[in-house]
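# Remarks on the overall topology
The chain contents come next:
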Amino acid sequence: MSQNHIRIFDTTLRDGEQTPGVALTPEDKLTIAKQLDKLGVDVIEAGFPIASKGEVEAVRLIVKEGLKAEICGLARTTKEDIDAALKCDVDSVHVFIATSQLHLKHKLRLTKEEVLEKISRWVEYTKSHGVTVEFSAEDATRTEIPFLVEAYRRAVEAGADRINVPDTVGVMTPKRMGLLIGEIKKHVKVPISVHCHNDFGLAVANSLAGVEAGATQVHVTVNGIGERAGNASLEEVVMALYSLYREKVKIKTNLIYETSKLVSKLTGVMIPPNKPIVGENAFAHESGIHTRGVVEMPLTYEPITPELVGRKSILVAGKHAGTHGLKKEIEELGFKPTEEQLKQILQKVKEFGDQGKLVTTTDLISIASLICGKTVEKPKIVDLKDLTVVTGSGVIPTASVKLILEGKEYVSSETGVGPVDAAIKAIQKITDRLINVRLKEFRLEALTGGSDAVAEVVVKVEDADGKIVSARAAKPDIVLASVEAMINGLNRLLQLKAKA
Ligand code: KIV
Ligand code: ZN
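Residues numbered from 1 in each chain as written. Chains lettered and ligands numbered in written order. Predicted model: local features only at pLDDT ≥ 70, side-chain atom pairs only at ≥ 80, totals over all residues. Heavy atoms only, no water.

Attention now moves to the pattern of salt bridges. Taken as a whole, this structure holds 41 salt bridges when the rule is applied. Of the charged contacts in the structure, one is a salt bridge between D161 and K127, with a shortest N-O distance of 3.0 Å. With a gap of 34 residues between them, D161 in the loop between α6 (145–157) and β6 (162–167) and K127 in helix α5 (residues 112–127) connect regions that are remote in the sequence. Taking relative accessible area as the criterion, D161 reaches 30% and is therefore assigned partly exposed. Since its relative accessible area comes to 28%, K127 is described here as partly exposed. A cluster of three or more residues bridged by salt bridges with shared partners is formed by E113, E150, R153, R154 and E157. (Salt bridge = Lys/Arg side-chain N within 4 Å of Asp/Glu carboxyl O. Helix = DSSP H or I, 4+ residues; strand = E, 2+ residues; numbered from the N terminus. Buried < 20%, exposed > 50% of the residue type's maximum accessible area, 1.4 Å probe, protein only.)

Below you can see the structure in the form of structure tokens.
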């Protein structure tokens with residue numbers, strides 16, 4: 001193990017896949033593994049081969065790809081587990097057994113001596129097959145230290161190349177983690193790794209404390225996904241190591257955001273908007289004081305340049321807006337307001353915000369057009385001509401749409417979980433030839449009461465380059481409002497693309 005950088009051991013495909021409700025196909029796993037390799041992680045824990053046939057298929061598929069990263073498989077201290085991993089031709093096997101009294105008594109029903117024997121026997125067996133061996137003492141942080149040290153000592157004696165210290169149920173604090181790693185380091189002379197769970201929101205802090213105390217490898221998952229509250233997140237650990245600790249890591253940080261989005265898409269686990277580094281708001285600024293600072297000098301309210309992680313700053317119009325940020329946004333939309341006009345636009349934006357409304361890109365265009373007395377709105381590139389939906393109990397919701405795209409008429413049909421889903425898919429089927437967009441957010445609100453209420457739909461759509469626009473439509477028919485909002489968003493993205 002090279003000692004001149006902190007190694008990133010990614011377990012998105014193993015511990016990350018243990019997120020409740022997540023199951024990846026072998027093809028999805030391969031797609032993620034390729035992206036992780038491009039990102040530059042040192043180790044990819046590709047799976048737990050004994051778990052299922054699909055898991056074996058996935059690990060083999062990843063191994064066959066010949067990636068630069070070390071490909072690892074997980075195994076308990078049993079011949080069946082280890083053989084299953086070895087049969088996948090992995091570079092390394094992550095062998096583990098629990099060491100805490102709680103696990104010994106209630107789960108393994110083994111004595112301490114029996115656990116130590118298993119460690120010696122199965123680490124040696126694994127090592128005799130010529131692979132790298134990483135040994136983990138599961139629930140290490142709730143194990144009495146002398147026994148934990150003895151377990152690691154036995155593993156190293158049997159040939160383990162590195163040892164890993166899992167905080168299996170996330171009970172450590174940074175201070176205790178530092179002390180524990182320091183103690184283990186006195187007795188164990190192979191590289192030490194840490195594996196922290198996030199039950200108290202301390203996984204990243206505990207991992208960093210481990211590094212401060214001498215650990216040279218960190219287990220992480222993309223977006224922090226994993227069992228219960230998840231694992232230490234790759235993006236937070238890597239960026240803290242790089243920017244705050246000035247440690248060397250081999251990660252191409254500018255690929256972090258696209259990796260996060262890929263994992264979110266394939267696992268179906270949404271990224272909270274306030275998540276550090278990759279959350280939608282991580283580089284978004286609304287308040288006047290902040291937007292002014294960011295327009296003048298981005299570092300005033302940004303700890304790192306967003307480009308470092310493959311992102312861009314976003315200025316958001318809202319009730320806390322100030323003239324500086326708003327001016328920049330309005331100018332980017334193609335307007336050149338006078339000072340007086342800018343004040344009036346700001347006033348309207350604040351009124352929107354005071355009503356608890358999000359100011360979408362298309363709202364801002366309408367407000368600015370009205371106040372500046374001019375329209376920057378280009379002719380629509382895509383327009384709806386006809387929409388028919390079939391829905392009800394016992395039928396598969398189906399939508400047929402007729403669109404005008406760049407002057408030509410196109411028709412398509414799709415099914416979905418409901419009529420809105422079907423209609424949006426049918427639209428995308430046509431517009432995909434011009435632009436690939438993802439519906440990031442969909443909000444529906446009734447503006448009035450009663451069954452004839454006007455439905456207001458706000459959508460956020462994102463193109464393949466990460467450009468996001470929001471758009472709104474209000475109509476008494478929910479499906480029509482949704483389709484119109486989607487088409488407004490698509491037009492805006494297409495117009496921006498045409499301008500670029
Ligand atoms: O959290 C844990 O203890 C684990 C082990 C398998 C290392 O994931
Ligand atoms: Zn774990």
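Next comes the rest of the account.
Next up on the list: the coordination of the zinc ion (ligand 2). Of the protein atoms, only D15 (OD), H195 (NE2) and H197 (NE2) coordinate the zinc ion (ligand 2), at distances of 2.0 to 2.1 Å. Written as a sequence motif, the donor residues of the zinc ion (ligand 2) are D-x179-H-x1-H. Separated by 180 residues along the polypeptide, D15 in the loop between β1 (7–10) and α1 (26–39) and H195 in strand β7 (residues 192–196) bring together distant segments of the chain. Since its relative accessible area comes to 3%, D15 is described here as buried. (Donors = N, O, S within 2.8 Å, 3.2 Å for Na, K, Ca; no water.)

Now for the packing of α5 against α6. At their nearest, the axes of α5 and α6 sit 8 Å apart, and the two run at 25° to each other. Judged by the inter-axis angle, α5 sits roughly parallel to α6. Note on packing geometry: the crossing formed by α5 with α6 is right-handed. Contact with α5, carried on its side by K112, E113, V115, L116, E117, I119, S120 and V123, involves F147, E150, A151, R154 and A155 of α6 and no other residues of that element. (Axes fitted to C-alpha atoms, helices over the stretch in contact; angles between N-to-C directions. Parallel < 35°, antiparallel > 145°, perpendicular 65-115°, else oblique. Left-handed = near helix turned anticlockwise from the far one by under 90°. Contact = heavy atoms within 4.5 Å.)

A word on the packing of aromatic side chains. Under the definition given, this model contains three aromatic pairs. Relative to Y125, the ring of W122 lies with its centre 5.3 Å away and its plane at 80°, an arrangement referred to as edge-to-face. Of this pair, W122 and Y125 both sit in helix α5, three residues apart, which is roughly one turn of that helix. Positioned above the aromatic ring of F147, the side-chain terminus of K112 is 5.2 Å from the ring centre. The lysine or arginine in question, R311, covers the ring of Y257, its NZ or CZ lying 4.1 Å from the ring centre. (Phe/Tyr/Trp six-rings, centres within 6.5 Å; stacked < 30°, edge-to-face > 60°. Lys NZ or Arg CZ within 6 Å of the ring centre and 35° of its normal.)

The next subject is empty space enclosed by the protein. One pass over the structure, following the stated rule, counts two cavities of 30 Å³ or more. Lining the largest cavity we find G356, K357, L358, R443, E445, E456, V458 and R472. Per-class residue counts for the lining of the largest cavity are two nonpolar, one polar and five charged. Structurally, the lining of the largest cavity is a two-domain feature, drawing no fewer than three residues from each of domain 2 (284–372) and domain 3 (382–499). Take the lining of the second largest cavity: its biggest share by element is three residues, from helix α12 (residues 323–332). For the lining of the second largest cavity, a count of residues per class yields five nonpolar, three polar and two charged. (1 Å grid on protein atoms, 1.4 Å probe; cavity = no way out; pocket = protein on both sides within 12 Å on 5 of 7 lines; lining within 4 Å. Points joined across faces, edges and corners; volume = space filled by probe spheres on them. Nonpolar A, V, L, I, M, F, W, Y, C, P; charged D, E, K, R; others polar. Domains from an automatic or database assignment.)

Let us now look at the sheet that holds strand β13 (residues 408–415). Pairing in this open sheet of three strands is antiparallel, and the strands run β11-β12-β13 from one edge to the other. The two strands at the open ends of the sheet, each matched to only one other strand, are β11 (382–390) and β13. On average, each strand axis in the sheet is tilted by 15° relative to the strand beside it, whichever way the strands run. Taken together, the eight bridges between β11 and strand β12 (residues 398–405) define a ladder with antiparallel strand orientation. Its bridge partner lying in β12, V382 is registered against L405. This element, helix α15 (residues 419–431), spans β11, β12 and β13 of the sheet and lies at about 35° to β12. Strands β11 and β12 of the sheet are contacted by helix α16 (residues 478–499), whose axis makes an angle of about 150° with β11. (Pairing = 2+ DSSP bridges.)

With that settled, consider the state of the cysteines. Scanning all chains against the criterion turns up zero disulfides. Lacking any disulfide linkage, C72 is separated from the closest cysteine sulfur, that of C88, by 11 Å. (Disulfide = S-S within 2.5 Å.)

Right, let's talk about the site of ligand 1 for a bit. The local shell around ligand 1 consists of R14, D15, H94, F96, S136, E138, P166, T168, H195 and H197. A distance of 3.0 Å separates an oxygen atom of ligand 1 from a polar side-chain atom of H197. Relative to its free-state accessible area of 260 Å², ligand 1 is covered by the protein chains to the extent of 94%. Residue composition of the shell around ligand 1, grouped by class: two nonpolar, five polar and three charged. (Near = heavy atom within 4 Å. Polar contact = N/O pair within 3.5 Å; in protein donor to acceptor, adjacent residues only side chain to side chain. Areas by Shrake-Rupley, 256 points an atom, 1.4 Å probe, with all protein chains shown as cover.)

The next subject is helix α8 (residues 203–212). Burial analysis of α8 places eight of its 10 residues in the buried class, the great majority of the element. Where α8 is concerned, the buried positions are A203, V204, N206, S207, L208, A209, G210 and V211. Its buried side turned inward, α8 meets β6, α7 (174–187), β7, β8 (217–220) and α9 (234–244). Once α8 finishes, G214 follows within two positions and takes phi at roughly 125°, a positive value.

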